[in-house]
Amino acid sequence: MRRTLKRNLDRIAELLVTLKPDIVALQEIDQHSWWAGRFDQLDYLKSATGFEHAAFGLNNRRGGMFPLNYGNAILSRHPIRFIENVAFGRKRWGEKGFLFAEIELGKNCVPLFNMHLHYRSRSERLRQAQWVASYLEAQKRARGDTWSVSPVLCGDLNNPARTGDATASLFRYFATHGHYTLFPQRARTFPSPLPRRTLDFIFLPPGCDEVFCLVVKSLLSDHLPVLVECSLS
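Residues numbered from 1 in each chain as written. Predicted model: local features only at pLDDT ≥ 70, side-chain atom pairs only at ≥ 80, totals over all residues. Heavy atoms only, no water.

Chemist: Give a description of a nonpolar patch on the surface that names residues and reports values.
Modeler: Together, Trp34, Trp35, Met65, Phe66 and Trp93 give the surface a local cluster of nonpolar side chains, amounting to about 610 Å² of exposed area. Relative to the elements of secondary structure, tryptophan 35 occurs in the loop between strand E1 (23–30) and helix H2 (41–49). For tryptophan 35, a relative accessible area of 35% puts it in the partly exposed group. (Patch = residues over 30% accessible without salt bridge, like charges linked within 9 Å, V, L, I, M, F, W, Y side chains within 5 Å. Areas by Shrake-Rupley, 256 points an atom, 1.4 Å probe, with all protein chains shown as cover. Salt bridge = Lys/Arg side-chain N within 4 Å of Asp/Glu carboxyl O. Helix = DSSP H or I, 4+ residues; strand = E, 2+ residues; numbered from the N terminus. Buried < 20%, exposed > 50% of the residue type's maximum accessible area, 1.4 Å probe, protein only.)

Set out below in structure tokens:
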């Protein structure tokens, strides 16, 4: 199992080396879990890709003979000056959450949410979206005067952008912080390789210009990765 998983991580690393992103947001990544070869997948990717900085946000923590530790993570070529992980609950299997980070891009400080919402329950997703909004309000009061732009939000939201679910709810909330744009706008991301739905999104705040978005065709996951390039005005 470990050998197979590392081969797939090697292919992911090759893709990241080819695409040359500055920041990578990962969901469902394991740290010494029994079902995933008992090794740190983020550390393996960091070594294989040459990223200088990384942050792991574990939403599931279980020890014992069958440890199960996984969540969201960030790889960055730029310093990460602050991180905080928030799990939406205390389940020992299947818990979701978000990782909040402040990343230094030169003189700019960019706040970033990397999140994974409930895959089945709309009411749970809406509750989780409200949690994110409440957390952001608290962070704005505490740290917002150091941010160069409003927060970037990305991740596996497990619902399309239609009205009445969490993606639309989050977009309405973030729009109160300026003219946000949502990517991808048309391309679909799930399931790979013949996606029928868009479940993975990046919310870009005002100040992000010259935007290019690509859903990358690959066979590395059940979701297709979303690449966004932009400049900061």
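Once the structure has been displayed, the description carries forward.
Chemist: Account for the sheet that holds strand E6 (residues 108–116), with residues named and values stated.
Modeler: One open sheet holds the 6 strands; their spatial order is E4-E5-E6-E7-E9-E8, and the pairing between them is mixed. Two strands close off the open sheet at either side, each with one partner strand: strand E4 (80–87) and strand E8 (181–183). Strand-to-strand twist in this sheet, taken as the mean axis angle between neighbours without regard to direction, amounts to 15 degrees. Here 4 bridges tie strand E7 (residues 152–156) to strand E9 (residues 200–204), and the two strands are oriented antiparallel to one another. Note that in E9 the partner of aspartate 156 across the bridge is aspartate 200. Of the strands in this sheet, E4, strand E5 (97–105) and E6 are in contact with helix H3 (residues 122–143), which crosses E4 at around 150 degrees. Packing against the sheet, helix H4 (residues 166–175) makes contact with E6, E7, E8 and E9, and its axis sits at approximately 5 degrees to E9. (Pairing = 2+ DSSP bridges. Axes fitted to C-alpha atoms, helices over the stretch in contact; angles between N-to-C directions. Contact = heavy atoms within 4.5 Å.)

Chemist: Can you lay out the packing of helix H1 (residues 2–19) against H2 for me, pointing to particular residues and giving the numbers?
Modeler: Two quantities define a packed helix pair, namely the angle between the axes and the distance from one axis to the other. Running from N to C, H1 and H2 point in directions that differ by 45 degrees, and their axes come no closer than 9 Å. Classified by the interaxial angle, the pair formed by H1 and H2 is oblique. Like other packed secondary-structure pairs, H1 and H2 cross with a definite hand, here right-handed. Here Lys6, Leu9, Asp10, Ile12, Ala13, Leu16 and Val17 of H1 lie close against H2, whose contacting residues are Gln41, Tyr44, Leu45, Ala48 and Thr49. Considering only residue class, the contact of H1 with H2 consists of 8 nonpolar, 2 polar and 2 charged. (Parallel < 35°, antiparallel > 145°, perpendicular 65-115°, else oblique. Left-handed = near helix turned anticlockwise from the far one by under 90°. Nonpolar A, V, L, I, M, F, W, Y, C, P; charged D, E, K, R; others polar.)

Chemist: Tell me what's going on with H1, and back it up with residues and numbers.
Modeler: In this model, H1 (18 residues) spans 26 Å end to end at C-alpha, consistent with the 26 Å of a helix rising 1.5 Å per residue. The secondary structure elements touched by the buried residues of H1 are E1, H2 and strand E3 (70–76). Phi turns positive, to about 55 degrees, at lysine 20, one or two residues after H1. (Expected span 1.5 Å × (residues − 1).)

Chemist: Tell me about the side chain of glutamate 95, and name the residues and values.
Modeler: In this structure, glutamate 95 sits in the loop between E4 and E5. Engagement of the side chain of glutamate 95 in a polar contact is seen with the backbone nitrogen of glycine 89, the distance being 3.4 Å. Sequence-distant contacts of glutamate 95, defined by excluding residues within four places in its chain, comprise Asn59, Asn60, Tyr70, Ala87, Phe88, Gly89 and Arg90. (Polar contact = N/O pair within 3.5 Å; in protein donor to acceptor, adjacent residues only side chain to side chain.)

Chemist: Which residues make up the nonpolar core, and what are the values?
Modeler: Counting 24 residues, the largest nonpolar core has Phe98, Phe113, Met115, Leu170 and Phe203 as its most contacted members. Listing elements by their share of this core, those giving two or more residues are E5, E6, H3, H4 and E9. Top contributing element to this core by residue count: H3, with 5 residues. Here methionine 115 is in contact with Gln27, Asn72, Gly97, Phe98, Val132, Leu153, Cys154, Gly155, Asp156, Leu157 and Leu170, once residues within four sequence places are set aside. (Core = buried A, V, L, I, M, F, W, Y, C linked by side-chain atoms within 4.5 Å.)

Chemist: So what's going on with the packing of aromatic side chains? Residues and values would help.
Modeler: Counted under the stated rule, the structure contains 17 aromatic pairs. For the ring pair phenylalanine 98 and phenylalanine 113, a centre distance of 5.6 Å and an interplane angle of 55 degrees mean the geometry is tilted. Highlighted residues: phenylalanine 98 in strand E5 and phenylalanine 113 in strand E6, separated in sequence by 15 residues. Look at phenylalanine 98 and you get buried, because its relative accessible area is 0%. Each ring, one from tyrosine 173 and one from phenylalanine 174, has its centre 5.4 Å from the other, and the planes form 85 degrees; the classification is edge-to-face. It is arginine 77 that lies over the ring of phenylalanine 51; its NZ or CZ is 4.0 Å from the centre. (Phe/Tyr/Trp six-rings, centres within 6.5 Å; stacked < 30°, edge-to-face > 60°. Lys NZ or Arg CZ within 6 Å of the ring centre and 35° of its normal.)

Chemist: Just give me the short version of unusual backbone geometry, but keep the residues and values in it.
Modeler: Cis geometry is adopted by the peptide bond preceding proline 184, which originates at phenylalanine 183 and carries an omega value of -5 degrees. Among the secondary structure elements, proline 184 is positioned in the loop between E8 and E9. The peptide bond linking serine 192 to proline 193 adopts the cis configuration, its omega dihedral lying at 5 degrees. Mapping proline 193 onto the fold places it in the loop between E8 and E9. Positive phi is not limited to glycine here, since lysine 20 has a value of about 55 degrees. Turning to its location among the elements, lysine 20 is positioned in the loop between H1 and E1.

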